[in-house]
Amino acid sequence: MPKPLNIAIIGAGLIGLSCADSLMRASGAGQIKITVFERRAAPMRGTSFCNSGMIHPSQSQSWANDDKRPDRADALTRAANHAVFDLALQSRALLQDNFKRLNLVDILERPKGCLQIYSDIQAAQQAQKNFDNFGVQSSILIDSVTTFGHPALMFPDDMSGNARLYGEALTDSLVSRGAIFIYEAEGLHLLPQNNGIVARLSPERPAMHLPPYFDHVIIAAGPQSSAIMARLGLSLQLEPIKGYAVNYARPDMDLPDVPVMDAASRSALTVFKDHIRVSGTWDKPDETYLLDRWRDIAPHLMEALGPPLLTWTGLRPVSRAGRPYISASSIPNLWVNTGHGHLGWTLCAGSGELMARMVLRGEADKRFIYAG
Ligand SMILES: Cc1cc2nc3c(=O)[nH]c(=O)nc-3n(C[C@H](O)[C@H](O)[C@H](O)COP(=O)(O)OP(=O)(O)OC[C@H]3O[C@@H](n4cnc5c(N)ncnc54)[C@H](O)[C@@H]3O)c2cc1C
């Protein structure tokens, strides 16, 4: 029997876990050994911990663009947006299969769709035209409960669910299939050699049996990916963009059953099974703006909330190219899968699947290339 492929994945967030899952599912029994290195003490404790829960291909347009030439930037941005949209649609279908496989009833039973509110009906109509041109279906809706009385677009092909519960269930499933998780692996050193990549934990760690080298290493460390690449002499253009999440107990009143987005503040209100989450914004110094904004949008609901159960901040790994990097690198057998920005939950399963095809079958996809 041929020697199994040893594959290391750096990062146990939505993207790293999805890579592990797709690689294991695409390989026969005993053909692959997956080791996930995570710097924290548990999976899903980075940006994936507390996001807004939306699986929203409708929002595939980039939030970032570093190209200073408008003519080229427009063409590049359009191409990137469409590539991301295609991947989001594939990813959503894969996620639906995964929810069934992992028996995630809470997600399976949630109503489909996401809403986005606007300041007035003209703004909603104009946005609807733009979405329609991009290929995203929507309908206009105003309702006192679900849109808090504001004009909104309903995206029926979006969906939502608790990403942390998904990631934790996926981790359990990976462990049951033989994946090894090494936590508190902050001091990991990667040393590219001729036959593969050697991984060494910091000398303070108790001795741990690692293979002499890994055949492949995938960097899926979210906003920290650039620092890891830099230690290997590679430059990865990522901007860590801060967002916030505040959880509250559900008050006893009628609540929207799908997430409600506010385009102006890049934030959302999501009702989960046992809590409400207000989350998002773009690089503000703290959560004050987020909460003030939702007090304006939904005053009755915000007044009915008790004290926060949790206040959290996370960094979105935003790629300067306006789309993720899912690609080989110039170091043989070193791969990168990051830069998913505001779309990591939406794109995770598709990104994992694409990475598995690249690593195992030698496929490439120029749309997500990393040129470093
Ligand atoms: C407020 C907010 C709301 C959001 N809402 C949505 C949404 O509704 N829908 C959506 O699709 N997306 C949403 N996102 C984006 C989404 O959450 C992210 O794109 C996604 O979580 C990124 O996943 P990741 O696996 O790349 O990164 P992470 O989840 O950060 O995982 C990377 C992991 O790598 C580990 N790591 C880092 N450095 C090292 C190292 N040196 N060694 C070992 N391990 C290391 C980290 O500890 C971390 O666990 C939101 C983001 C924010 C901040």
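If you're wondering where the values come from, they're calculated on a predicted model, not measured in any experiment.

Undergrad: Honestly, the environment of Gln-31 in this entry has me stumped. Any pointers?
TA: Within the secondary structure, Gln-31 sits in the loop between helix H1 (14–26) and strand S2 (32–37). Here Gln-31 falls in the partly exposed class, since its relative accessible area comes to 48%. With 303 residues separating them in the primary sequence, Gln-31 and Leu-334 have C-alpha atoms 19 Å apart. Each residue touching Gln-31, except ones within four places of it in the same chain, is listed here: Pro-4 and Leu-5. Among the polar contacts listed, one links the side chain of Gln-31 to the backbone nitrogen of Gly-28, at a separation of 2.9 Å.

Undergrad: So what exactly am I meant to see when it comes to the layout of surface pockets here?
TA: Over the atoms, a rolled probe matching the size of one water molecule traces out where space is still vacant. There is about 340 Å³ of room inside the second largest pocket. Arg-110, Val-271, Phe-272, Lys-273 and Asp-274 are the residues nearest the centre of the second largest pocket, which is lined by 18 residues in total. Listing elements by their share of the lining of the second largest pocket, those giving two or more residues are helix H3 (105–108) and helix H5 (163–176). For the lining of the second largest pocket, the class distribution of residues is seven nonpolar, three polar and eight charged.

Undergrad: Sorry if this is basic, but what is going on with the sheet that holds strand S8 (residues 180–182) here?
TA: In any sheet, the strands associate via hydrogen bonds between backbone groups, in a parallel or an antiparallel arrangement. One open sheet holds the six strands; their spatial order is S8-S2-S1-S11-S18-S17, and the pairing between them is mixed. Edge positions in the sheet fall to S8 and strand S17 (325–328), since each of these pairs with one other strand and no more. Taking the axes of each pair of neighbouring strands and ignoring which way they run, one obtains an average angle of 20° across the sheet. In the sheet, strand S1 (residues 5–10) pairs with S2 via six bridges, with the strands oriented parallel. Along S2, the bridge assignment pairs Asn-6 with Lys-33. Against the sheet, H1 makes contact with S1, S2, S8, strand S11 (216–219) and strand S18 (334–338), and its axis sits at roughly 175° relative to S2, the strand it touches most.

Undergrad: Help me out: how do you make sense of the side chain of Thr-146 in this one?
TA: The topology assignment puts Thr-146 in the loop between strand S5 (139–141) and strand S6 (152–155). If near-sequence neighbours (up to four positions away) are discounted, Thr-146 is found in contact with Leu-115, Leu-141, Pro-256, Asp-257 and Val-260.

Undergrad: Sorry, what's going on with the sheet that holds strand S15 (residues 275–280) here?
TA: Taken in spatial order, the eight strands make up an open sheet running S5-S6-S4-S13-S14-S15-S12-S16, and their pairing is mixed. Among the strands making up the open sheet, the edge pair consists of S5 and strand S16 (310–319). Strand-to-strand, the axes of this sheet are offset by a mean angle of 25°, without reference to chain direction.

Undergrad: I keep staring at the site of the ligand and nothing clicks. Help me out?
TA: As a structural note, the neighbourhood of the ligand is formed by 35 residues, with Glu-38, Ser-48, Met-54, Gly-341 and Thr-346 the closest of them. Contributing elements (two or more residues each) for the shell around the ligand: H1, S16 and helix H9 (344–361). If one sorts the elements of the shell around the ligand by residue count, H9 sits on top with three residues. In the shell around the ligand, the residues fall into 14 nonpolar, 17 polar and four charged.

The rules behind each value
- Residues numbered from 1 in each chain as written.
- Predicted model: local features only at pLDDT ≥ 70, side-chain atom pairs only at ≥ 80, totals over all residues.
- Heavy atoms only, no water.
- Helix = DSSP H or I, 4+ residues; strand = E, 2+ residues; numbered from the N terminus.
- Buried < 20%, exposed > 50% of the residue type's maximum accessible area, 1.4 Å probe, protein only.
- Contact = heavy atoms within 4.5 Å.
- Polar contact = N/O pair within 3.5 Å; in protein donor to acceptor, adjacent residues only side chain to side chain.
- 1 Å grid on protein atoms, 1.4 Å probe; cavity = no way out; pocket = protein on both sides within 12 Å on 5 of 7 lines; lining within 4 Å.
- Points joined across faces, edges and corners; volume = space filled by probe spheres on them.
- Nonpolar A, V, L, I, M, F, W, Y, C, P; charged D, E, K, R; others polar.
- Pairing = 2+ DSSP bridges.
- Axes fitted to C-alpha atoms, helices over the stretch in contact; angles between N-to-C directions.
- Near = heavy atom within 4 Å.

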